[in-house]
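# Architecture and fold: a report
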Amino acid sequence: MSGSCSIKIKNVWIADGSGAPLRKGEVLVGDGRILALEPGASGGAAAERILEFRGAVLAPGFIDAHGHSDLSLPAAPEAFSKVSQGVTCEIAGNCGLSAFPLTSRNREHLEELYANYSFPLTWDTLAGYRARVAECAPAMDMELLAGHNTLRAAAAGYEKETLSPGELREMLRLADETLEQGALGFSFGLLYVPGKFAPESEVTALMRVAAKRDKICTVHLRSEGDRLLESLEEMILCAREAGLKKLHVSHFKTAGAANFSKLDRAIEMIREARERGIRVTCDRYPYTRSMTQLSVILPGKWADLDDSAIGKRLQAPEARLRLAEEIRNGRSAGYWDTVTLVSTAAPAYQSQQGLPLSSCGPDPALAVTELLAADAAGTTAAFSGMSKENLKRILALPFTVAGSDGNALPADERFGRAHPRAFGTLPRFLKQLLESGVSPEEAVRRATGLTAEIFGLKERGLVRTGAMADLVIFDPDELEAPEDFRSPATPASGSLCTLKAGRTVFSR
Ligand SMILES: [Zn+2]
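Residues numbered from 1 in each chain as written. Predicted model: local features only at pLDDT ≥ 70, side-chain atom pairs only at ≥ 80, totals over all residues. Heavy atoms only, no water.

So, about the coordination of the zinc ion. In the first shell of the zinc ion, the protein supplies Cys95 (SG), His220 (ND1) and His251 (NE2), at 2.1 to 2.2 Å from the metal. In primary-sequence terms, the residues that donate to the zinc ion follow C-x124-H-x30-H. Remark: His251 occurs in the loop between β11 (246-249) and α9 (263-275) and His220 occurs in strand β10 (residues 216-220); sequence separation between them is 31 residues. Using a relative accessible area of 4% as the deciding quantity, one classes His220 as buried. The exposure class of His251 is buried, given its relative accessible area of 1%. (Donors = N, O, S within 2.8 Å, 3.2 Å for Na, K, Ca; no water. Helix = DSSP H or I, 4+ residues; strand = E, 2+ residues; numbered from the N terminus. Buried < 20%, exposed > 50% of the residue type's maximum accessible area, 1.4 Å probe, protein only.)

Structural data, given as structure tokens:
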């Protein structure tokens, strides 16, 4: 068994994930666990393998606080994009979207959304899903949030704007059942259908279910730009009303130049909430372009349709022309330079992947309608409009942890193209923290121990005798990750070796 092979890792600086100062040492690993830590502590114990590094840093396997590998991990369990960065665990089920629970009301929609992975959705519950993932023996672990959008749709489908009292009760019952089965808490995605229909009372009701068991709620805010402050305030008020003690803001940002100045107030609101007993935390990827489904740019009534309905309606050429007109009227010509087509299955647009929409023919608005007609669920785009300065300030906050917002992906592009963050977030996050003067031990803590603490992961995030041997060894001077949308599947530099339960899942 590969897990039982004993390994001695020599000549490393240990950053144990707690923030304690780096110390020189060696680590003995066996039976998937850390057997001994200090120099000499392993005594004469003979190891079957010796790994020797010239002063590289050994840390707990990184925990990606924000991922969407719910289906990509079982479909490609080697998880190359993650383990090549040193990630051994991801928090999945984010932005309101989890792969469970499934009922007759949401199954078909999610099958369509995940069709790209050709992985049948054979489960109903979190427990069933987790067992199915485990059968695939993935190279990385996932810890799971239950998504509000999935829960809501499991109770009432995707079209219902207002839940009946019975549907709300059913949603809350399903939600509590996921906690019973080990969900870390709930994620909200209030920008997306059908979560966007939820009034504050519904948000509060779900938070109350989490609060009763002292679990966390994470949120993709209703607005990250023009109504950022109102959206943040909404969540803090709901949390207070619900008695929720742990609120986590996903991919914290100020979107759009007009909103850059709102960061001061947003940070102040978070600090005030923390002083009043709600532990607000956040995650962030170290890039200034976001990525989501292209369909989020649709105006008016179109914005309330789910992707499957959008695709169906756009089969008619007249519908595409009408929508193109509507989109064109709402956008300046320069706008199309700021949106990059990341990935699509639309055959006519394969060579435009990684390029701005302005290069998708003479009429980008019409191109949008054609892309969505061909692949509404799978067409993704990256949006410029974040501030570099604010990114630095957000990363500098002591309660910000690393979160890629990316998927575990194979080295090839068989599931389509990605935002480069899927391959580079962790090395880039550490590099930016180190460059801004944060100590290596603290930078590591913000990708390991602190993340584990925020999400209540008791067995993770620390290098300790007896702990699971999930470890990464990296060279802090070599951390580098390009931001190249034309060839996003480029592994980052810096990680030298990743061990999952004592087994090498990546090495350079
Ligand atoms: Zn999100």
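The end-to-end C-alpha distance of α9, which contains 13 residues, comes to 18 Å, matching closely the 18 Å that a straight helix rising 1.5 Å per residue would cover. Inspection of α9 places Leu263, Ala266, Ile267, Met269, Ile270 and Ala273 among the buried residues, and these make up the whole buried set. For α9, the angular spread of the buried residues around the axis is 155°, confining them to a single face. In this structure, the buried side of α9 is in contact with α8 (228-242), β12 (279-284) and α13 (388-396). (Expected span 1.5 Å × (residues − 1). Arc of directions from axis to C-beta. Contact = heavy atoms within 4.5 Å.)

Applying the stated criterion across every chain yields a total of seven aromatic pairs. Ring plane angle 35° and centroid distance 5.6 Å describe the contact between Phe100 and Tyr129, whose orientation is recorded as tilted. Residue Phe100 is located in the loop between β6 (87-92) and α3 (107-113), and its partner Tyr129 is located in helix α4 (residues 126-135); the two are separated by 29 residues in the primary sequence. Tyr129 carries the same exposure label as Phe100, and that label is buried. The positively charged end of Arg284 is found above the aromatic ring belonging to Tyr285, 5.4 Å away from the centroid. Sitting over the ring of Tyr285, Arg421 keeps its end group 4.6 Å from the ring centre. (Phe/Tyr/Trp six-rings, centres within 6.5 Å; stacked < 30°, edge-to-face > 60°. Lys NZ or Arg CZ within 6 Å of the ring centre and 35° of its normal.)

Attention now moves to the sheet that holds strand β9 (residues 185-189). Note on sheets: strands pair through backbone hydrogen bonds, and any given pair is parallel or antiparallel. The six strands are arranged β8-β9-β10-β11-β12-β16 in an open sheet whose pairing can be described as parallel. Only two strands of the sheet have a single partner each, and these edge strands are β8 (146-147) and β16 (400-402). The sheet contact formed by β11 and β12 spans four bridges and is parallel. By the bridge assignment, Val249 is partnered in β12 with Cys282. (Pairing = 2+ DSSP bridges.)

Attention shifts here to helix α7 (residues 200-212). With 13 residues, α7 extends 18 Å between its outermost C-alpha atoms, agreeing within 8% with the 18 Å of an ideal straight helix rising 1.5 Å per residue. When α7 is considered as a whole, its buried residues turn out to be Glu202, Val203, Thr204, Ala205, Leu206, Met207, Val209, Ala210 and Ala211. Looking at the buried residues of α7, the elements they touch are α5 (148-156), α6 (165-180), β9, β10, α8 and β11. Looking one or two residues past α7, Asp214 carries a phi angle of roughly 55°, positive in sign.

Here we take up the pairing of strand β4 (residues 49-60). Across seven bridges, the pairing between strand β1 (residues 7-14) and β4 is parallel. Residue pairing in the sheet places Val12 in a bridge with Ala56 of β4. Pairing geometry for β4 and strand β17 (residues 471-474), over four bridges, is antiparallel. Among the inter-strand pairings, Leu58 is bridged to a residue of β17, identified as Ile473.

What follows concerns the domain arrangement of the protein. For the protein, the domain assignment lists domain 1 (2-59 + 496-507), domain 2 (62-288 + 385-419) and domain 3 (294-383). Placing the centre of domain 2 and that of domain 3 at their C-alpha centroids yields a distance of 25 Å. Contact with domain 2, which involves 16 residues of that partner, is made by 12 residues of domain 3. When domain 2 packs against domain 3, close to 1000 Å² is buried across both sides, 52% of that on carbon and sulfur atoms. Among the residues of domain 2 in contact with domain 3, Glu112, Val193 and Arg417 are the three that bury the most area, contributing 41% of the side total. Measuring nitrogen to oxygen at the nearest pair gives 3.0 Å for the salt bridge that ties Asp304 to Lys196. Along the lines of polarity and charge, the residues of the side of domain 2 that touches domain 3 split into six nonpolar, five polar and five charged. (Domains from an automatic or database assignment. Buried area = accessible area lost by both parts, 1.4 Å probe. Salt bridge = Lys/Arg side-chain N within 4 Å of Asp/Glu carboxyl O. Nonpolar A, V, L, I, M, F, W, Y, C, P; charged D, E, K, R; others polar.)

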